[in-house]
Amino acid sequence: MGEDTDTTPALNHRGFLPDHNYVTEADIISTVEFNHTGELLATGDKGGRVVIFQREPESKTEPFAQGEYNVYSTFQSHEPEFDYLKSLEIEEKINKIRWLPQQNAAHFLLSTNDKTIKLWKVSERDKRPEGYNLKDEEGRIKDISTVTSLQVPVLKPMDLMVEVSPRRVFANAHTYHVNSISVNSDYETYMSADDLRINLWHLDITDRSFNIVDIKPTNMEDLTEVITAAEFHPHHCNLFVYSSSKGTLRLCDMREAALCDKHSKLFEEPEDPSARSFFSEIISSVSDVKFSHSGRYLLTRDYLTAKVWDLNMESKPLETYQVHDYLRSKLCSLYENDCIFDKFECAWNGTDSVIMTGAYNNFFRMFDRNTKRDVTLEASRESSKPRAVLKPRRVCAAGGKRRKDDISVDSLDFTKKILHTAWHPTENIIAIAATNNLYIFQDKLNNEMH
């Protein structure tokens, strides 16, 4: 990857755009997640809906069709609720979706809003039984006196139907807003995290969970930090990590104690006193944390940077990538319009060699860990036509020397932001949520990122 066209991954584009130009709040995408094979891609929105896309199988007549994702199923996951005890409205917005590894013909996924987590089963039906003895073709019960012979019911082909059904509802366990869910590598348990607590659930038990982290102080006036994200280790079922609004990461081992208030490792970068400002604590808050596929590294995102941490080195990050350092001079205005509190997510590619995260103006950034090259790309209707190659974009800092096609930092649109991204687990296919639009880009020419 790089800023020259010839070293940029040839990402083909496929966009899922609504028919209308105006954006309703309910249509804004709030989470994006590939399943473990990458064949399915789920999005959740602020209206409580989940849309599942399925990858098209490879076609000999249309080689380009393979890799395209089409709508597979859409369902309403959550509805708005009202907590009468606290006089609070509970939004239907889907905060996170996590797939369970597939173990039979059906697929299972977890979705959560601020308070309630639900387990959904997604299955297909392409046959229907016919020839009942006691029912007619329309399902009505027959008069038994008219049944003169017995017949064996048979299965007849029918149009493929995708059925989505709720299997479990995990409720009433979070006082604060749920920000993360993560499925354990034992495939039997998962955890859910809110601002102050993390709970451990068994996928078959809905009426109780175990509190494994509780950072709520006795006196809420003593509260200095909140939990921002949490994730299980991909291979060791006893390990998990959670991040905080102070910029710290805590690795916990559930073998040490039932309540993991004492962490095993604390990852924290010492603050440079000369760089301290009013905004230091806000911009150091970690908005997302992801284990690498190997389990050796952690990827975190704060407001201005993405960092890679080695689990064996707690003192400082292994790598630090500037996502949009040109905004450092704009922090005051970003604080006034609340953009400074935006929570950007981050993602690893399948080999842990490239990381991706979003920015403003519908830009997203990729950093190659081996070559140290980076690229800025744009997800928009104007720049992205089907099968078009994306051109690198470059933002010119205020007062900097502008080149042709550079975008001035003053002309960035802060209402267009890429908060949610996902990377196919094994291939160079990425999903980008830009407000109410979903873009899918594919590296067609290169099997490996440059």
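Residues numbered from 1 in each chain as written. Predicted model: local features only at pLDDT ≥ 70, side-chain atom pairs only at ≥ 80, totals over all residues. Heavy atoms only, no water.

- As recorded in an unreviewed UniProt entry, the protein goes by Serine/threonine-protein phosphatase 2A 55 kDa regulatory subunit B and comes from Cynoglossus semilaevis.
- One UniProt comment on the protein, placed under Sequence similarities (unreviewed entry), says "Belongs to the phosphatase 2A regulatory subunit B family."
- The UniProt entry for the protein carries this comment under Subunit (unreviewed entry): "PP2A consists of a common heterodimeric core enzyme, composed of a 36 kDa catalytic subunit (subunit C) and a 65 kDa constant regulatory subunit (PR65 or subunit A), that associates with a variety of regulatory subunits." (UniProt positions renumbered as here; feature names shortened; annotations may be inferred.)

1. Focus on the overall build of the protein
Here is step 1: The helix and strand tally for the protein stands at 2 helices and 32 strands.
Here is step 2: Burial status across the protein gives 51% buried among its 450 residues.
Here is step 3: Intrachain contacts of the protein at a sequence separation of at least 6 include 54% that bridge at least 24 residues.
Here is step 4: Here the protein displays about 22800 Å² of accessible surface, and carbon together with sulfur accounts for 49% of that area. (Helix = DSSP H or I, 4+ residues; strand = E, 2+ residues; numbered from the N terminus. Buried < 20%, exposed > 50% of the residue type's maximum accessible area, 1.4 Å probe, protein only. Contact = heavy atoms within 4.5 Å. Areas by Shrake-Rupley, 256 points an atom, 1.4 Å probe, with all protein chains shown as cover.)

2. Description of the pairing of strand S27 (residues 374-378)
Here is step 1: With 4 of 5 residues buried, S27 lies mostly within the body of the structure.
Here is step 2: Across 5 bridges, the pairing between strand S26 (residues 363-368) and S27 is antiparallel. Counterpart to Phe 364 in the pairing with S27 is Leu 377.
Here is step 3: Linking S26 back to S27 in an antiparallel pair, the connection comprises 5 residues, with Lys 372 at a positive phi of about 65°. (Pairing = 2+ DSSP bridges.)

3. Describing the pattern of salt bridges
Here is step 1: If you walk through the whole model with that rule in mind, you get 25 salt bridges.
Here is step 2: The residue Glu 33 makes a salt bridge to Arg 98 at a minimum N-O spacing of 3.0 Å. Remark: Arg 98 occurs in strand S8 (residues 96-99) and Glu 33 occurs in strand S2 (residues 29-34); sequence separation between them is 65 residues.
Here is step 3: Look at Arg 98 and you get buried, because its relative accessible area is 13%.
Here is step 4: Across the pair Asp 302 and Lys 307 runs a salt bridge, and its minimum N-O distance is 3.5 Å. Grouping residues by exposure puts Asp 302 and Lys 307 together as buried.
Here is step 5: Three or more residues are tied together by salt bridges with common partners; here these are Asp 27, Asp 45 and Arg 49. (Salt bridge = Lys/Arg side-chain N within 4 Å of Asp/Glu carboxyl O.)

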